[in-house]
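# Inside the fold
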Amino acid sequence: MAIEDGDNEQTETKEYKVLVAVDFSPSSARALRMAKSIMGRKPDRILVLHVIDRNFVEKCTNSQIGTEKNIRETLFLQAKKSLTDFLRSEGMEDDSIKKLICEGIPFLEINKKAVEYGVDMVIMGNRGNSGDMQTIFFGSTTERVLRFMSRPVLCVPIEEDRK
């Protein structure tokens, strides 16, 4: 929080925070670019969140791909590297970016982190990497975030959706 002087009045300016949910898809890359555009050259704070889907971890464990601990470790290490590379490819490596990686049910974790960090807006792509039957019957992560979020959500379409 900062205090600004102007015309003998003191006004408080609030730090503006946005959370960008990413799954490394073209749609989430576009959401990240939109956040950068909205926040300008010197954003107050952009939080970039990647959620490792708990159901995926369970499927890997049930398929006996490895132990739950090893699967989690591998996924967290991959997510950390992917998130760093993803931000670098978008030219967003500065100190105003906070990287968050967690495990859980994506739409719930996005909601939890938005509340926990007191973000003003959530920005996410409208189409991620999933295309499974669960999405058909229960809706995408974006749709579920919209249903349960108490903060503004900006859904960014991929370029082909705009034509």
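Up top is the structure.
Not measured: the values here are computed from a predicted model.

Another aspect to go through is the packing of helix α4 (residues 106-116) against helix α6 (residues 141-148). Contact geometry of α4 with α6 gives a least axis separation of 9 Å together with a crossing angle of 45 degrees. In terms of orientation, α4 and α6 fall into the oblique class. Crossing of α4 against α6: the hand is right-handed. In this structure, α4 contributes P106, F107, I110 and N111 to the contact, and α6 contributes T141, R144, V145 and F148. Taken together, the residues that form the contact of α4 with α6 break down as five nonpolar, two polar and one charged.

Before going further, it helps to spend a moment on the sheet that holds strand β3 (residues 17-21). The five strands lie next to each other as β5-β4-β3-β6-β7, forming an open sheet whose pairing is parallel. The sheet is open, and its two borders are formed by β5 (97-104) and β7 (153-156), each paired with just one other strand. The average angle at which neighbouring strand axes cross in this sheet is 25 degrees, direction not considered. Strand direction decides the pairing type here: strand β6 (residues 121-125) and β7, joined by four bridges, are parallel. Each bridged residue has a counterpart across the sheet, and for I123 the counterpart in β7 is L154. Packing of helix α2 (residues 54-62) onto the sheet brings it into contact with β4 (45-53) and β5, and relative to β4 it is tilted by some 30 degrees.

How each quantity is defined
- Residues numbered from 1 in each chain as written.
- Predicted model: local features only at pLDDT ≥ 70, side-chain atom pairs only at ≥ 80, totals over all residues.
- Heavy atoms only, no water.
- Axes fitted to C-alpha atoms, helices over the stretch in contact; angles between N-to-C directions.
- Helix = DSSP H or I, 4+ residues; strand = E, 2+ residues; numbered from the N terminus.
- Parallel < 35°, antiparallel > 145°, perpendicular 65-115°, else oblique.
- Left-handed = near helix turned anticlockwise from the far one by under 90°.
- Contact = heavy atoms within 4.5 Å.
- Nonpolar A, V, L, I, M, F, W, Y, C, P; charged D, E, K, R; others polar.
- Pairing = 2+ DSSP bridges.

Remember that the coordinates give geometry; whether it matters functionally is a separate question.
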